[in-house]
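Observations on the model geometry
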Amino acid sequence: MSRRLVLFGLTIALLCIAILAVVREGGRPRWGSLGDGIEFATLRGDPWCRRGSSEIALLRLDPARVRLHVLHYTRQPDRRPLSIVEWQQRTGATAVFNAGQYYPDLSYMGLLVSDGEAISAELHPRFKAALVASPDDGSHAAHVLDLDHHPLDPAAPGWRQVAQSFMLFDGQGVPRIRKTDLVANRTVVAEDRHGRLVVITSEGGYTLWDFARLLQRAPLALTHAMAMDGGYEAELCVSAPGFHYASFGLWKGSGDAPDMPGARVPLPAVIVVSAK
């Protein structure tokens, strides 16, 4: 074999490795504006995706220019949980995504505050994160709080919108979840270095550990993140002029098939995003 052929082969091999590295990092998202302070993009989650599509939806929000509201079915006229599509149609919001976990009787796990009213008034002792918006002082802000460093008083949380859940990784980059083999759709809310919120929903199934590492390596400049409910309930619906997107949870366990409930799952609590 000639030296020239060997060098050519090595060049091709190195090129393939470089391309594979780019694919594995998911590439750089191409953000498109859906309105003032709202951007959308997608990210590929190869090779961390375990089941289904590796696509991941990204909704980036400027808290100074958008509004986040926590909604719960008990405060709706018909007092019934709605599907993600029904929530979007009822509210007319630009985006709707699932809130945190709930018990079999549909009561929320942890602190849940909607427009200043406590729907669930007790903090979950093991959930150390909260998505908060609309401070009591009337200013415009929203954050992902690490409750180990920024605790909330459930009697006076200081925010008109609160949805408690658990940390995915903290500001030091430390994963706050255990390694398990549980594969499911994921919804995550993160904060980036510019103070923007990034809502992240997977189309396919991931372990929490893999999803955390993927997001930390992705070109999103995320500082810390919390996980909302996963599995069938991990859903996102986006509707803007000339643009529509929906992701429905299909994966909740290793034996699931892609004909599982998806958009038919009623969600007792959601977060809605609307223009200022």
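Here the residue numbering is sequential within each chain, running from 1 through the sequence in written order. Predicted model: local features are reported for residues with pLDDT of at least 70 only, side-chain atom pairs are reported and counted for 80 or more only, and whole-chain, interface and lining totals are derived from all residues. Water and hydrogen atoms were dropped before computing side-chain values, which therefore reflect all heavy atoms in the structure.

We now examine the nonpolar core. Formed by 34 residues in total, the largest nonpolar core has its most connected members in L59, L61, L68 and L131. Whether two residues are in contact is decided by their heavy atoms, any of which lying within 4.5 Å being enough. Ignoring any residue separated from it by four or fewer positions in sequence, one finds L68 in contact with L61, L131, A133, S134, Q161, L197, I271, V272 and V273. In this structure, L43, C49, V188 and A225 belong to the second largest nonpolar core, which totals 27 residues. The set of buried Ala, Val, Leu, Ile, Met, Phe, Trp, Tyr and Cys residues whose side-chain atoms join them within 4.5 Å is what this entry labels a nonpolar core. Relative accessibility thresholds used throughout: buried, under 20% of the residue-type maximum; exposed, over 50%; partly exposed, between the two (1.4 Å probe, protein chains only).

We now examine the confidence of the model for the protein chain. For every residue, the predictor assigns a confidence score, pLDDT, that lies between 0 and 100. Averaged over every residue, the pLDDT of the protein chain is 89; the share at 70 or more is 86%. The low-confidence segment residues 1–26 (pLDDT under 50) makes 12 contacts with residues lying over four places distant or belonging to another chain.

Secondary structure elements are taken from DSSP: a helix is a run of H or I of four residues or more, a strand is a run of E of two residues or more, and numbering for both begins at the N terminus. Structurally, the position occupied by A118 is in strand β7 (residues 117–120). Taking the relative accessible area as the measure of exposure, A118 reaches 38% and is therefore partly exposed. Counting along the chain gives 42 residues from A118 to R160, while the straight-line C-alpha distance between them is 9.0 Å. If near-sequence neighbours (up to four positions away) are discounted, A118 is found in contact with R75, L112 and V113.

Before going further, it helps to examine helix α2 (residues 84–91). If you check which residues of α2 are buried, you get I84, W87 and Q88. Relative to the axis of α2, the buried residues are bounded by an arc of 95 degrees and lie together on one face. Each element contacted by the buried residues of α2 is listed here: β4 (66–72), β5 (95–98), β14 (236–240) and β16 (269–275). Where α2 terminates, the next one or two residues include G92, which has phi positive at roughly 70 degrees. This arc corresponds to the set of directions leading from the helix axis out to the C-beta atoms.

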